[in-house]
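Remarks on the overall topology
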Amino acid sequence: MYAILQKRKLAENTYLTEIEAPDIAKKAKAGQFIILRIDEKGERIPLTIADSSKKTISIVFLVVGKTTGELALLKKGDTLIDVVGPLGNPSRIDTFGHVVLIGGGLGIAPIFPIANALKEAKNKVTAILGAKSKKTLFWEDRFKQTCDKVLVATDDGSKGQKGFVSDVLRDLMRREKIDLVIAIGPPIMMKVVAELTKGRIKTIVSLNPIMIDGMGMCGGCRVMVKNEVKFACCDGPEFNAHQIDWEELMNRNESYADEEKKCTCKARREK
Ligand SMILES: Cc1cc2nc3c(=O)[nH]c(=O)nc-3n(C[C@H](O)[C@H](O)[C@H](O)COP(=O)(O)OP(=O)(O)OC[C@H]3O[C@@H](n4cnc5c(N)ncnc54)[C@H](O)[C@@H]3O)c2cc1C
Ligand code: FES
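Residues numbered from 1 in each chain as written. Chains lettered and ligands numbered in written order. Predicted model: local features only at pLDDT ≥ 70, side-chain atom pairs only at ≥ 80, totals over all residues. Heavy atoms only, no water.

Describing the overall build of the protein chain
Regarding its fold elements, the protein chain presents nine helices and 16 strands. Rg of the C-alpha trace for the protein chain: 18 Å, near the compact-globule value of 18 Å for 271 residues, within the 12% margin. Judged by the C-alpha coordinates and their principal axes, the protein chain covers about 55 × 40 × 35 Å. By the burial criterion, 50% of the 271 residues in the protein chain qualify as buried. Pairs at least 24 residues apart make up 63% of the contacts formed inside the protein chain by residues separated by at least 6 positions. As displayed, the protein chain has an accessible area near 13,600 Å², and 50% of this comes from carbon and sulfur atoms. (Helix = DSSP H or I, 4+ residues; strand = E, 2+ residues; numbered from the N terminus. Rg over C-alpha atoms; globule rule 2.2 N^0.38 Å. Buried < 20%, exposed > 50% of the residue type's maximum accessible area, 1.4 Å probe, protein only. Contact = heavy atoms within 4.5 Å. Areas by Shrake-Rupley, 256 points an atom, 1.4 Å probe, with all protein chains shown as cover.)

Thoughts on the site of ligand 1
Surrounding ligand 1, one finds 23 residues, the nearest of these being Glu 43, Pro 46, Thr 68, Leu 106 and Met 211. In the environment of ligand 1, an oxygen atom lies 2.6 Å from a nitrogen or oxygen atom belonging to the side chain of Glu 43. Thr 68 is positioned such that a nitrogen or oxygen atom in its side chain is 2.5 Å from an oxygen atom of ligand 1. Contact with the protein chains removes 85% of the 840 Å² of surface that ligand 1 exposes when unbound. Those elements giving two or more residues to the shell around ligand 1 turn out to be strand E4 (45-52), strand E5 (56-62), helix H2 (66-73) and helix H9 (257-270). Among the elements that line the shell around ligand 1, the one with the most residues is E4, at four residues. Among the residues forming the shell around ligand 1, the class breakdown is 12 nonpolar, seven polar and four charged. (Near = heavy atom within 4 Å. Polar contact = N/O pair within 3.5 Å; in protein donor to acceptor, adjacent residues only side chain to side chain. Nonpolar A, V, L, I, M, F, W, Y, C, P; charged D, E, K, R; others polar.)

Some thoughts on the packing of helix H5 (residues 165-175) against helix H6 (residues 187-197)
In contact at an axis separation of 10 Å, H5 and H6 are set at 20° when each is read in the N-to-C sense. As judged from the angle between their axes, H5 and H6 are roughly parallel. Of the two possible hands of crossing, H5 and H6 adopt the one that is right-handed. Side by side, H5 and H6 meet where Val 165, Ser 166, Leu 169, Arg 170 and Met 173 of the first sit next to Met 189, Val 192, Val 193, Leu 196 and Thr 197 of the second. Split into classes, the residues belonging to the contact of H5 with H6 amount to seven nonpolar, two polar and one charged. (Axes fitted to C-alpha atoms, helices over the stretch in contact; angles between N-to-C directions. Parallel < 35°, antiparallel > 145°, perpendicular 65-115°, else oblique. Left-handed = near helix turned anticlockwise from the far one by under 90°.)

Details of the domain arrangement of the protein chain
Here the protein chain is partitioned into domain 1 (2-87) and domain 2 (98-253). Listed by partner, the interface residues are 20 residues for domain 1 and 21 residues for domain 2. Across the domain 1 to domain 2 interface the summed buried area is about 1,600 Å²; carbon plus sulfur atoms make up 68%. For the pair domain 1 and domain 2, the number of links is one salt bridge. Here Arg 142 and Asp 51 are joined by a salt bridge, their closest N and O atoms 2.8 Å apart. Counting every contact that joins domain 1 to domain 2 gives four residue pairs in polar contact (both at pLDDT 80 or more). Counting residues per element, the ones that place at least two in the side of domain 1 that touches domain 2 are strand E1 (2-11), strand E2 (14-20), strand E3 (33-37), E4, E5 and strand E7 (82-87). Counting residues per element, the side of domain 1 that touches domain 2 draws most heavily on E4, at five residues. In terms of residue class, the side of domain 1 that touches domain 2 is built from 14 nonpolar, three polar and three charged. (Domains from an automatic or database assignment. Buried area = accessible area lost by both parts, 1.4 Å probe. Salt bridge = Lys/Arg side-chain N within 4 Å of Asp/Glu carboxyl O.)

Some words on unusual backbone geometry
A cis amide bond links Gly 85 to the next residue, Pro 86, at an omega of -5°. Tracing the chain through its elements places Pro 86 in strand E7. Of the consecutive residues Gly 236 and Pro 237, the connecting peptide bond is found in the cis state with omega at 10°. For Pro 237, the position within the fold is in the loop between helix H7 (232-235) and strand E16 (238-240). Even without being a glycine, Asn 13 presents a positive backbone phi close to 65°.

Encoded structure:
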């Protein structure tokens, strides 16, 4: 059993949960994730390790369906039956020069440990944070403490520039030399960023296909990269953005949309 030591609301529908997991915390590196199960009947869901201390890991999640909805109801003192990790390959950290990190929506959380690691490796780091509105934006202050520059875009203009993270990136590309872009967020956002930087700036993205075992055995997280089959859980989750078959990824993520909808409706009815 894994004890929940802290649970906080960060923004609308967005929560941080700190879990006591010393064995995972000892090994966790930027870019890695866990797979958790709430109880015996629970499904396995992957979540990125957004922060870690000596004995704890923190996850940040957006409530989108049944399991994230149930996770949001747990509080300090409750427990999780399984937490497996750290899974996936860590982010490649080196001295690249000027790195632009883009976090869209929930993608803001997983880029935070990468920002820290890249700063420690003496890079100039610019973060572009994107959200629907200021109500769903979080951690701008934490990024300001770590990064050289933080730029914000909201769809409705309630904070920062009105528009998408890709609009902010386009402007920045006109003004500054950028050596590497790392983008994490909804597939459509990562695809647009990839189109913008293609042939100009090396771009890494962290993919979020459906995962079940997280260890390369079930094939659920299959993605096409450079026309080759890769498993995001063990070959990734980070890949070269310019080599991904985005349409396939987005279609596969929709495979269980009907079942997920029914499951969420049933969970609501049972409450
Ligand atoms: C490597 C990785 C890291 C992730 N990190 C985070 C994170 O830090 N914070 C966060 O909020 N979300 C993260 N996600 C997405 C998260 O796993 C899904 O939001 C979650 O599984 C939804 O479950 P649900 O039952 O609440 O929703 P459901 O209604 O079951 O599904 C809603 C949507 O979530 C996705 N999803 C559902 N089940 C899975 C699954 N087993 N694996 C992957 N995606 C699934 C699908 O796109 C689906 O359409 C990550 C996904 C991956 C693959
Ligand atoms: S989650 Fe099963 S192969 Fe990747």
